[in-house]
Amino acid sequence: MTQLQYDLTMCSLITYPLCEVHEKQGIENAIDKMTRNQRFDLFHLKCNPDATKPETKALLAIVFSEIQKVNSNIKNTKGEPDAAEAT
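Residues numbered from 1 in each chain as written. Predicted model: local features only at pLDDT ≥ 70, side-chain atom pairs only at ≥ 80, totals over all residues. Heavy atoms only, no water.

**Examining the confidence of the model for the protein**
Right, on to step 1. Per-chain confidence: the protein averages 83 in pLDDT, with 89% of residues scoring 70 or above.
Right, on to step 2. The secondary-structure element of the protein with the lowest mean pLDDT is helix H4 (residues 55-86), recorded at 78, while helix H2 (residues 21-33) shows the highest, at 91.
Right, on to step 3. Across residues 82-87, where pLDDT falls below 50, the model places zero contacts with residues more than four positions away in sequence or in other chains. (pLDDT = per-residue confidence, 0-100. Helix = DSSP H or I, 4+ residues; strand = E, 2+ residues; numbered from the N terminus. Contact = heavy atoms within 4.5 Å.)

**Concerning unusual backbone geometry**
Right, on to step 1. Residue Pro17 follows Tyr16 across a cis peptide bond; omega there is 10°.
Right, on to step 2. By the element assignment, Pro17 lies in the loop between helix H1 (3-15) and H2.

**Focus: the pattern of salt bridges**
Right, on to step 1. Taken as a whole, this structure holds two salt bridges when the rule is applied.
Right, on to step 2. Of the charged contacts, one joins Lys33 and Glu66 as a salt bridge, the two residues approaching to 2.9 Å between their closest N and O atoms. In this pair, Lys33 sits in helix H2 while Glu66 sits in helix H4, placing the two residues 33 residues apart along the sequence.
Right, on to step 3. For Lys33, a relative accessible area of 55% gives the class exposed.
Right, on to step 4. Glu66 gets classed as buried once you look at its relative accessible area, which sits at 6%. (Salt bridge = Lys/Arg side-chain N within 4 Å of Asp/Glu carboxyl O. Buried < 20%, exposed > 50% of the residue type's maximum accessible area, 1.4 Å probe, protein only.)

**Brief notes about the nonpolar core**
Right, on to step 1. The biggest cluster of nonpolar side chains holds 13 residues, and the ones touching the most others in it are Met34, Leu42, Leu60 and Val63.
Right, on to step 2. Breaking this core down by element, the ones donating at least two residues are H1, H2, helix H3 (36-47) and H4.
Right, on to step 3. Each of two domains, domain 1 (1-44) and domain 2 (47-77), supplies a minimum of three residues to this core.
Right, on to step 4. The contact partners of Val63, leaving out residues within four places of it in the chain, are Thr9, Ile27, Ala30, Met34 and Leu42. (Core = buried A, V, L, I, M, F, W, Y, C linked by side-chain atoms within 4.5 Å. Domains from an automatic or database assignment.)

This is the structure in structure tokens:
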């Protein structure tokens, strides 16, 4: 995870639920897959973005991964009708 990806994911988390649809869905998917303690740490990170806990990068990596999955699903879904129209 690059610093830019880390920063963008942090921005998405801070602005949740007012972020873009794919970011919101990715964050919700990540929350569903987390343990109770991870969810608490993620909430703490949202409220205190300057937190320097070692788990911070791992939590954001989970969120980033889920956002990427949702984004790729959206792109694939948008691509299917275009392919059907071309035939």
